[in-house]
Amino acid sequence: KQHTYNVTVEWTGNEGQGTSEYRAYSRNHLISAPGVERVASFSDFNVWRAELNGTELELPGHLPYAVCMCIDGEIELGKLRLGPEEAGFIPRTAVSLTPISGHGRLLIAAPDL
């Protein structure tokens, strides 16, 4: 099954020098779509990369939410188990109550992280 979406991507990372060199610009951009008020982009998030070896990780309680993706191994978000290339969402009400544990590598994306 194929899905088609019409979106507009506007690069907002010009910091005065255009793309004259790799470090002269940011990767910030805005994404818009008809009928959608705002679409988040990675410039809206901070992303952590972590590796767990039987250890437990706790997220800061001030986060409005977090998205966790297991790269390899097996990660547990509270009672939710994630395998390779699986992701889970942690809502505001559960951020400080959801320990992250397991064995493997993961990405954690959240605003204000």
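A few points on the structure. (Residues numbered from 1 in each chain as written. Predicted model: local features only at pLDDT ≥ 70, side-chain atom pairs only at ≥ 80, totals over all residues. Heavy atoms only, no water.)

## Some details on the overall build of the chain
So, point 1. On a plain count of helices and strands, the chain comes out with zero helices and eight strands.
So, point 2. When the helices and strands of the chain are listed from N to C terminus, the series reads β-β-β-β-β-β-β-β.
So, point 3. Taking 13 Å as the expected radius of gyration for a compact globule of 113 residues, we find that the chain reaches 17 Å, considerably beyond that expectation.
So, point 4. Taking the principal axes of the C-alpha coordinates as reference, the chain spans close to 45 × 35 × 30 Å.
So, point 5. In the chain, which comprises 113 residues, the proportion classed as buried is 30%. (Helix = DSSP H or I, 4+ residues; strand = E, 2+ residues; numbered from the N terminus. Rg over C-alpha atoms; globule rule 2.2 N^0.38 Å. Buried < 20%, exposed > 50% of the residue type's maximum accessible area, 1.4 Å probe, protein only.)

## What about the pairing of strand E5 (residues 65-77)?
Regular strands have side chains that alternate between both faces of the sheet.
So, point 1. Relative to strand E7 (residues 87-91), E5 is paired through five bridges, and the arrangement is antiparallel. Within E7, the position partnered with Val67 by the bridge is Phe89.
So, point 2. Bridge analysis of E5 against strand E8 (residues 100-110) gives 10 bridges, and the strand direction is antiparallel. Residue pairing across strands places Val67 opposite Ala109, the latter belonging to E8. (Pairing = 2+ DSSP bridges.)

## Structural notes on the side chain of Ser26
So, point 1. Tracing the backbone shows Ser26 in the loop between strand E1 (8-11) and strand E2 (29-33).
So, point 2. Look at Ser26 and you get buried, because its relative accessible area is 15%.
So, point 3. Each residue touching Ser26, except ones within four places of it in the same chain, is listed here: Trp11, Gly13 and Glu15. (Contact = heavy atoms within 4.5 Å.)

## Comments concerning the packing of aromatic side chains
So, point 1. As enumerated under the stated definition, the model contains three aromatic pairs in all.
So, point 2. Aromatic pair Tyr22 and Tyr25: ring centres 6.5 Å apart, planes at 75 degrees, arrangement edge-to-face.
So, point 3. Taken together, Trp11, Tyr22 and Tyr25 form an aromatic cluster joined through their ring pairs. (Phe/Tyr/Trp six-rings, centres within 6.5 Å; stacked < 30°, edge-to-face > 60°.)

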